[in-house]
Amino acid sequence: MALTDMGFMGPVFTWNNRRNEFFNIQERLDRSLVFVNWCNLYPNAFVQHMEDMGSDHRPLLLSISPFILTTKRFYFDSRWISNPRTSQIIKLSLKQNFNGSTMFNVCSKLKLYMKNLFDWNRKNATNSKVRIAHLESRLATVKDNS
């Protein structure tokens, strides 16, 4: 079994010798190592380097279920039903296999399905804002040429 570094969020260095200017040394000495299997059990886990509180080492905070702020909510657009590409995207997303428990697999497939549909919608004319902007541009061109 191999260990992997989880990476981190926050300040780069975890240790500081607390000397002034030229003599100051800062390093990332502290790390969080986990087994790959553990990562599959806790896919949303992350490590945060906290602010130092008097010690020469920063504390590390391991969170296994982060509070994630999402700015966009996923909505299934009923217009997608008539588009054959929608069915293909769903089938391809559900065929993917992920390492982990059955529930992890189901959640990962749903996330992938939503992400793929969202990306496809954004890139294609099914996005109403994109379509309206395109039609307004064409209308302006027609008016200019008349």
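Every chain begins its residue count from 1, and numbering advances along the sequence as written. Where local features are concerned, this predicted model is filtered to residues with pLDDT of at least 70; where side-chain atom pairs are given and counted, the filter is 80 or more; whole-chain, interface and lining totals use all residues. Side-chain numbers come from the whole structure's heavy atoms, not from hydrogens or water.

What to know about the overall build of the protein
What counts is decided by this rule: Segments assigned H or I by DSSP are reported as helices when at least four residues long, segments assigned E as strands when at least two residues long, and all are numbered from the N terminus. Atoms counted for the radius of gyration: C-alpha only. Globule rule: 2.2 Å times residue count to the power 0.38. For every residue, the accessible area (1.4 Å probe, protein chains only) is compared with the maximum for its type, and the residue is labelled buried under 20%, exposed over 50%, or partly exposed between those bounds.
Along its length, the protein carries 4 helices and 6 strands. Tracing the protein from N to C terminus, the helices and strands come up as β-β-β-β-α-β-β-α-α-α. Computed over C-alpha atoms, the radius of gyration of the protein comes to 24 Å, more than 25% over the 15 Å expected from 2.2 N^0.38 for 146 residues, which places it beyond the range of a compact globule. By its C-alpha atoms, the protein is 75 × 45 × 25 Å across when sized along the principal axes. Looking at the protein residue by residue over its 146 residues, the buried ones come to 20%.

A few points about the side chain of Ser63
Applied cut-off: Contacts were defined at the residue level, with two residues in contact if any of their heavy atoms lie within 4.5 Å.
Among the structural elements, Ser63 can be located in strand β6 (residues 60–63). Residue class for Ser63 comes out buried when judged on its relative accessible area of 19%. Discounting chain neighbours no more than four positions away, the residues touching Ser63 are Asn44, Ala45 and Phe46.

So, the pattern of salt bridges
The criterion, for reference: By salt bridge we mean one thing: a side-chain nitrogen of Lys or Arg within 4 Å of a carboxyl oxygen of Asp or Glu.
Considering all chains together, one arrives at 4 salt bridges under this definition. The partner of Asp5 in a salt bridge is Arg31, and the shortest N-O contact between them spans 3.2 Å. Of this pair, Asp5 sits in strand β1 (residues 3–5) while Arg31 is found in the loop between β3 (26–27) and β4 (33–35), placing the two residues 26 residues apart along the sequence. Overall, Asp5 belongs to the partly exposed group, its relative accessible area being 30%. Ionic pairing is found between Arg58 and Glu51, a salt bridge with its closest N-O pair at 3.5 Å. With a relative accessible area of 19%, Arg58 lands in the buried category. In this structure Glu51 comes out as exposed when scored by relative accessible area, which is 51%. Within the structure, one salt-bridge network assembled from shared partners comprises Asp5, Arg28 and Arg31.

Points about the packing of helix α2 (residues 84–95) against helix α3 (residues 102–123)
Cut-off, in case you're wondering: Angles run from 0 to 180 degrees between N-to-C directions of axes, and those axes are lines fitted to C-alpha atoms, restricted for helices to the stretch in contact. Just so you know how the angles are binned, under 35 degrees is roughly parallel, over 145 roughly antiparallel, 65 to 115 roughly perpendicular, and the rest oblique. Handedness of a crossing is defined here by the sense of rotation of the near helix relative to the far one, left-handed for an anticlockwise turn of less than a right angle and right-handed for a clockwise turn. Polar here means any residue other than Ala, Val, Leu, Ile, Met, Phe, Trp, Tyr, Cys and Pro, which are nonpolar, and Asp, Glu, Lys and Arg, which are charged; Gly is therefore polar.
Between α2 and α3, the shortest axis-to-axis distance is 8 Å and the interhelical angle comes to 150°. Classified by the angle their axes make, α2 and α3 are roughly antiparallel. Relative to α3, α2 is oriented so that their crossing is right-handed. Residues Arg85, Thr86, Ile89, Ile90, Ser93 and Leu94 of α2 touch α3, and the partners they reach there are Lys109, Leu112, Tyr113, Asn116, Leu117 and Trp120. Taken together, the residues that form the contact of α2 with α3 break down as 7 nonpolar, 3 polar and 2 charged.

Quick notes on the confidence of the model for the protein
Rules: Confidence scores here are pLDDT values: one per residue, from the predictor, ranging 0 to 100.
Of the residues in the protein, 92% reach a pLDDT of 70 or more, and the chain-wide mean stands at 82. Taking the mean pLDDT of every element in the protein, the minimum, 81, falls on α3 and the maximum, 93, on β3.

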